[in-house]
Amino acid sequence: MSFLRQQLSSLSLAFALYKQQKRIKGSSIQSLLNPAWEKQLKEYSLIESNCDLKGNPSYLGRGLYIGNTTLIYNTESIGDFCSISSGVKIGLAAHPKHFLSTSPLFYSASRGLLQNSASFPNSQKKVVIGHDVLISANVLIMEGITIGTGSIIGAGAVVVKDVAPYSIVAGVPAKPIGMRFPDTIVQQLLESSWWNLPLDQILELPHLQDAARIPINRKN
Ligand SMILES: CC(C)(COP(=O)(O)OP(=O)(O)OC[C@H]1O[C@@H](n2cnc3c(N)ncnc32)[C@H](O)[C@@H]1OP(=O)(O)O)[C@@H](O)C(=O)NCCC(=O)NCCS
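Report follows, based on the coordinates. This is a predicted model, so every value here is computed, not measured. (Residues numbered from 1 in each chain as written. Predicted model: local features only at pLDDT ≥ 70, side-chain atom pairs only at ≥ 80, totals over all residues.)

**Quick notes on the sheet that holds strand β16 (residues 167–170)**
Working definition: the strands of a sheet are paired by backbone hydrogen bonds and lie parallel or antiparallel to each other. The following threshold applies: Here a strand pair is declared whenever DSSP counts at least two bridges between the two strands. The secondary structure listing takes helices from DSSP runs of H or I that are at least 4 residues long and strands from runs of E that are at least 2 residues long, numbered from the N terminus.
If you trace the eight strands from one edge of the open sheet to the other, you get β1-β2-β5-β8-β11-β14-β16-β17, paired in mixed fashion. On the outer flanks of this sheet lie β1 (28–29) and β17 (175–179), each paired with one strand and no other. Two strands pair when backbone bridges link them, and strand β2 (residues 46–47) and strand β5 (residues 65–66) are joined in this way by two bridges, in the parallel orientation. Note that in β5 the partner of I47 across the bridge is I66.

**As for the nonpolar core**
We count it as follows: Joined through C-beta atoms within 7 Å, a set of buried Ala, Val, Leu, Ile, Met, Phe, Trp, Tyr and Cys residues constitutes a nonpolar core. Burial is judged by counting the other C-beta atoms within 10 Å of a residue's own C-beta: 20 or more makes it buried, 12 or fewer makes it exposed, and any count in between marks it as partly exposed, with every C-beta position built from the backbone. Remark: residues whose backbone-derived C-beta atoms lie within 7 Å of one another are considered to be in contact.
With 34 residues, the main nonpolar core has C82, I129, V139, I141, I153 and V159 as its most contacted residues. If you list the elements that add at least two residues to this core, you get β10 (127–129), β12 (140–142) and β14 (152–153). Look past the residues within four positions of C82 in its chain and what remains in contact with it is G61, L64, I129, D132 and V133. Core analysis: the next-biggest nonpolar cluster, separate from the first, contains five residues, Y166, I185, V186 and L189 among them.

**Considering the sheet that holds strand β9 (residues 89–92)**
Spatially, β3-β6-β9-β12-β15 is the arrangement adopted by the five strands of the open sheet, whose pairing is parallel. In this open sheet, the two strands that pair with only one neighbour each are β3 (52–53) and β15 (158–159). Judged from the two bridges that link them, β3 and strand β6 (residues 71–72) form a sheet pairing that is parallel. In the sheet register, L53 faces β6, and the bridge partner there is I72.

**Quick notes on the site of the ligand**
Going by this rule: Proximity of a residue to a molecule or strand is defined by its backbone-placed C-beta atom lying within 6 Å of that partner. Note on residue classes: Ala, Val, Leu, Ile, Met, Phe, Trp, Tyr, Cys and Pro are nonpolar, Asp, Glu, Lys and Arg are charged, and everything else, Gly too, is polar.
Among the 14 residues in the neighbourhood of the ligand, the closest are listed as S85, S136, A137, G154 and A170. Contributions of two or more residues to the shell around the ligand are made by β16 and β17. Of the residues that constitute the shell around the ligand, the class distribution is six nonpolar, eight polar and no charged.

**Digging into the pairing of strand β7 (residues 75–78)**
For strand β4 (residues 59–60) and β7, the ladder comprises two bridges, and the chain directions are parallel. Bridge pairing in β7 links Y59 to S77. Both β7 and β10 contribute to a ladder of three bridges, which runs parallel. Across the sheet, S77 pairs through a bridge with V128, a residue of β10.

**Some points on the environment of N34**
Looking at where N34 falls in the secondary structure, it is placed in the loop between β1 and α2 (35–40). With 22 residues separating them in the primary sequence, N34 and N56 have C-alpha atoms 8.8 Å apart.

**Focus: the pairing of β9**
Relative to β9, β6 runs parallel, the two being bridged by two bridges. Residue pairing for β9: L71 is matched across the bridge by K89. Where β9 lies against β12, three bridges are found, and the strand directions are parallel. Across the sheet, K89 pairs through a bridge with L140, a residue of β12.

**Description of the environment of I24**
Tracing the backbone shows I24 in the loop between α1 (2–23) and β1. Here I24 falls in the partly exposed class, since 16 other C-beta atoms lie within 10 Å of it. For the pair I24 and K39, spaced 15 residues apart in sequence, the C-alpha to C-alpha distance is 9.7 Å. Excluding residues within four positions of it along the chain, I24 makes contact with L41, E43 and S45.

**A short note on the environment of R180**
With respect to the helices, strands and loops of the structure, R180 is situated in the loop between β17 and α3 (183–192). In this structure the C-alpha to C-alpha distance between R180 and S167, which are 13 residues apart in sequence, comes to 6.0 Å. The residues touching R180, leaving out its near neighbours within four places in the chain, are G150, I152, Y166 and I168.

So this is what it looks like as structure tokens:
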């Protein structure tokens with residue numbers, strides 16, 4: 001009997017996942033999403049298994065990749081063409097340092113002991129992730145952080161400060177270790193907003209495999 005129940009529950013999970021990915025062009029969704037995430041997901045997304053994606057993002061970009069076991073909470077938006085590797089944790093809630101106890105039992109009504117939740121500074125800030133960001137394996141991003149467009153976060157980093165566009169940061173706490181391109185190219189890439197183009201036009205862009213070599217904002 002319990003074997004049958006197990007089979008039925010795997011079948012219904014498989015069916016729910018099938019329904020989710022059928023709706024979104026070119027996508028493979030291997031984790032169950034809440035309706036808010038499902039509504040925002042765009043074409044060519046790949047969400048691997050056992051991800052825990054919570055909250056109500058206002059925007060999720062095209063081509064989003066999220067590797068398995070990644071957790072994303074308290075996140076306002078993720079831009080187009082972002083790659084978020086496996087084992088990443090984003091926007092985990094802070095606990096109050098100055099209350100008698102750090103336990104949510106004593107400040108969050110959702111734990112069942114209190115009638116109303118107590119608020120404390122920073123508890124409302126959300127993470128914002130720009131376009132074309134690479135967040136490598138096992139990165140931890142604190143709540144309220146803004147990750148600039150085009151940046152790369154090195155594997156295992158703990159990000160406690162905002163990350164500048166097109167910078168490469170790594171370590172614990174994460175610090176800049178370089179830039180992807182010289183400043184002039186960064187400026188041109190940001191001004192071009194190439195991520196807003198239709199996919200067929202992006203595929204035609206001459207600099208797709210070497211952005212630094214071609215001045216894409218050239219005026220004729
Ligand atoms: C950050 C990263 C992209 C490399 O960037 P890079 O600009 O090529 O950096 P380099 O390898 O030249 O290293 C530059 C310095 O940063 C350090 N560094 C590089 N990656 C680091 C990391 N993840 N954590 C801490 N330090 C790191 C190097 O040790 C080196 O230090 P040094 O100058 O004192 O010798 C790469 O190390 C990384 O983390 N890749 C992610 C891999 C991954 O998770 N892939 C899955 C994606 S789905």
